[in-house]
Amino acid sequence: MSEDYRGMWKDMGLDLAGHDALLGVLSGAYRDIFLSQKNRPEGMGYFDFVMSEVHGLRIRELLDEKKAGRKIIGSYCVFVPEEIVLAANATLVGLCSGADFAMSEVEKLLPRNTCALIKSSFGFKLGKVCPYLESADMIVGENTCDGKKKAYESLGHLVNNLFVMDLPQVKSEQGRALLKSEYQRFRTAVEALTGVVITVESLMLAIQTVNAKRAAIHRLSSLRKADLAPISGLDALLANQVFFYDNPARFTDSVNKICDELEKRIAEKNGVFPEKTPRILISGCPQAVPNWKLPFIVETSGAVIVGEESCVGERGTRNLTDASGKTVDEMMEAIVDRYYQVDCAIFTPNPQRMEHIQEMAAAYKADGVIHYGLQFCQPYLMESIPVERALEEKNIPTLRIETDYSMEDVGQLKTRIEAFVEQLR
Ligand code: BJ8
């Protein structure tokens, strides 16, 4: 980190010893996993810098925004519409956590058989190690899976600024109406928090800003369709993870810059892996920072990851919001339409997700799909069975993985993944 931020962290109420331990593990893992890769695009230097300052400079920027009167809103799910947040002069940051922390404390509040993602978010709160969580003026929980739904009841006792958004579980007229009314309720709550009433101009600008960010990520994804992968799956995942933390305009710019570089690499046939490296699509649960376990194993087992069917990936960023509305109400409708298409496994039935996985496997020329399910995540583990069936119909080999954030199963996973990659050759 370029500066000493200890005073800032202390003022935020972080547990400095715990935080040091977390940063120590994070920076060691980053060095071993990311910086050890060969022939990385130069543009990844920006993301290396962002990660090195993820608890430093970016937090200082957020605190400066707060001093200037802007509010910070933290979210655990891609159903929280960034457009509404930006239009009301607030900043949205992702809170989903990808590492085990303070597990003994967490298991006093949550059953052991809760998914690692939920446990991690509690661990970061109980261990007082997440400056994003501590800087948030509002935290948004969403009624998605049962685990999250019930966990927010407990989280509500740990924070004093939780807004729980109800979400549909069925794609129907009533489901869409629920999403619409919840987005209206969220808009009112955000306007009350910031004291800023959303206008046609502010909402239009917000839609354009978020669309630009998504369009840059779409451009990056589409370059990964090239026969010689111009960027590793690890680096592309990192860009998708930084999507949730960075300043939107700067992020868009940096992703577009790396895309310019990747276009040149493709023209020069300069890939990050040799020709004929088996191509893998990952599908399933979100991989939040610093959960890099699976892609690291895959890409050190002779394969390259060419896409993520995930909320930290294409499921989260797939569609743009229609920007043709002329009134706030029309734009709110467009926002509802855009998010209503997210095909999270909490929906039943969820045939669109099967179609999207088939489409992605074809578009990215994947030789195989790894379905990534977090242990105890019923929605995605249950849905891994129809996913496998849908891929079998297309003769695409599938490997179903069920894991958590611990390193205990790395050896076993590596053996299974190496065997799968061998089968794809
Ligand atoms: S829209 S995927 S971000 S809910 S892994 S907590 S589902 S038990 S994260 Fe998600 Fe929104 Fe859906 Fe996307 Fe529950 Fe499963 Fe845990 Fe999960």
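Residues numbered from 1 in each chain as written. Predicted model: local features only at pLDDT ≥ 70, side-chain atom pairs only at ≥ 80, totals over all residues. Heavy atoms only, no water.

**Student:** I would appreciate a short explanation of helix 18 (residues 378-393) in the present structure.
**Tutor:** In an α-helix there are 3.6 residues to a turn, and that puts residues three or four apart on one side. Relative to the 22 Å expected for 16 residues at 1.5 Å per residue, helix 18 spans 24 Å between its end C-alpha atoms, a close match to the ideal helical length. Of all the bends in helix 18, the greatest reaches close to 30 degrees and is centred on Ser384; the proline Pro386 follows between one and four positions later. For helix 18, the set of buried residues is Tyr380, Glu383, Ser384, Val387, Glu388, Ala390 and Leu391. In this structure, the buried residues of helix 18 make contact with strand 5 (279-284), helix 15 (314-317), helix 17 (351-363), strand 7 (368-374) and strand 8 (398-403). Directly after helix 18, the chain includes Asn395, whose backbone phi takes a positive value near 60 degrees. (Helix = DSSP H or I, 4+ residues; strand = E, 2+ residues; numbered from the N terminus. Expected span 1.5 Å × (residues − 1). Bend = angle between axes of the 7 residues up to and from the residue. Buried < 20%, exposed > 50% of the residue type's maximum accessible area, 1.4 Å probe, protein only. Contact = heavy atoms within 4.5 Å.)

**Student:** Explain the pattern of salt bridges to me, please; I cannot follow it from the model alone.
**Tutor:** Charged atoms that come close allow side chains of opposite charge to pair. Tallied over the entire structure, the rule returns 39 salt bridges. In this structure, Asp337 and Arg176 form a salt bridge, with 2.9 Å as the shortest nitrogen-oxygen distance. Here Asp337, found in helix 16 (residues 328-340), pairs with Arg176, found in helix 10 (residues 173-194); they are 161 residues apart in sequence, far enough to count as distant. The class of Asp337 is partly exposed, set by a relative accessible area of 38%. With a shortest N-O distance of 3.6 Å, Arg318 and Asp343 are connected by a salt bridge. Residue Arg318 is located in the loop between helix 15 and helix 16, and its partner Asp343 is located in the loop between helix 16 and helix 17; the two are separated by 25 residues in the primary sequence. For Asp343, a relative accessible area of 0% translates into the label buried. Salt bridges here are not isolated pairs; linked through shared partners, they connect Glu309, Arg315, Arg318, Asp343, Arg353 and Glu383. (Salt bridge = Lys/Arg side-chain N within 4 Å of Asp/Glu carboxyl O.)

**Student:** Got a minute to help me understand the nonpolar core in this structure?
**Tutor:** General note: in soluble globular proteins, nonpolar side chains tend to be found buried as a group. Phe79, Tyr183, Phe186, Trp292, Ile370 and Ile417 are the most contacted members of the largest nonpolar core, which has 129 residues in total. Leave out the neighbours within four places in its chain, and Tyr183 touches Phe79, Pro81, Ile84, Met165, Met332, Ile335, Val336 and Tyr339. In this structure, Met354, Met360, Leu391 and Ile396 belong to the second largest nonpolar core, which totals 17 residues. (Core = buried A, V, L, I, M, F, W, Y, C linked by side-chain atoms within 4.5 Å.)

**Student:** Just to check I follow, could you spell out helix 10 for this structure?
**Tutor:** Over its 22 residues, helix 10 runs 32 Å from end to end, which matches the ideal 32 Å to within 8%, given 1.5 Å per residue. Every buried residue of helix 10 is accounted for by Gly175, Arg176, Leu179, Glu182, Tyr183, Phe186, Arg187, Ala189, Val190, Glu191 and Thr194. Buried-residue contacts for helix 10 involve strand 1 (71-75), helix 5 (82-87), strand 2 (90-94), strand 3 (138-143), strand 4 (162-166) and helix 16.

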